Amino acid sequence: MQIEQLEAAWQQIHAQGQAQLDRHISELRALLPTGDTGKILQLQTRINHEKNYLLNQSMDIFLKKRAVLTPAQRLQLQRMIP
C-alpha cells in the first residue's frame, strides 16, 4: 500500500512540475526570436531549476519506495538495474 501512495504522490508532483516546465518552455520559444536577453536567461534558469526539482523528487520517491521493500525485493531490484 505504501508504494502505491508514493507512486500517487510522484504522479501528482510530476504532473504539476511537467505542466510548469511546459509553460516555461513555450514562453521561452516565444521569446527566443526577438525577446529580451535577460528575460530569456532568467527563463532558462527557471527551466533548469524545474528540471532539477523533478529529478530530485524522482530520486526521493525512489529511495522511499526502496525503503519499504523486503530484502528479497531489494536483491531483485539490484538485479534489474544495469
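Our structure is the block above this text.
One structure accompanies this document, and this report is about it. Note that this is a predicted model, so its numbers are computed, not measured.

1. Quick notes on the pattern of salt bridges
Stage number 1. One pass over the full model with this rule turns up 2 salt bridges.
Stage number 2. Across the pair E7 and K65 runs a salt bridge, and its minimum N-O distance is 2.3 Å. Taken together, the positions of E7 in helix 1 (residues 2-31) and K65 in helix 2 (residues 37-67) put the pair 58 residues apart, joining distant regions of the chain.
Stage number 3. Classification of E7 by relative accessible area gives partly exposed; the value is 26%.
Stage number 4. Across the pair K64 and D60 runs a salt bridge, and its minimum N-O distance is 3.2 Å. A residue pair is termed a helical-turn pair when its members lie 3 or 4 positions apart in one helix, as K64 and D60 do in helix 2 at 4 residues.
Stage number 5. A residue is classified by how much of its surface remains accessible, and D60, at 31% relative accessible area, is partly exposed.

2. Remarks on the environment of I3
Stage number 1. With respect to the helices, strands and loops of the structure, I3 is situated in helix 1.
Stage number 2. Looking at I3, the relative accessible area reads 32%, which means it is partly exposed.
Stage number 3. Taking the C-alpha atoms as reference points, I3 and L69, separated by 66 residues in sequence, lie 8.9 Å from one another.
Stage number 4. When residues no more than four places from it in sequence are discounted, the contact partners of I3 are K65, V68 and L69.

Calculation notes
- Each chain has its residues counted from 1, following the order in which its sequence is written.
- Only residues with pLDDT of 70 or above have their local features reported here, since the model is predicted, and side-chain atom pairs are shown and tallied only from 80 upward, although totals for entire chains, interfaces and linings are computed over all residues.
- To get the side-chain values, all heavy atoms of the structure are used, and hydrogens and water are removed first.
- When a carboxyl oxygen of Asp or Glu lies within 4 Å of a side-chain nitrogen of Lys or Arg, that pair is called a salt bridge.
- A run of H or I in DSSP counts as a helix once it spans at least four residues, and a run of E counts as a strand once it spans at least two, with each numbered from the N terminus.
- Relative accessibility under 20% of the residue-type maximum defines a buried residue, over 50% an exposed one, and the middle range a partly exposed one, all with a 1.4 Å probe and only protein chains included.
- Should any heavy atoms of two residues lie within 4.5 Å, those residues are counted as being in contact.

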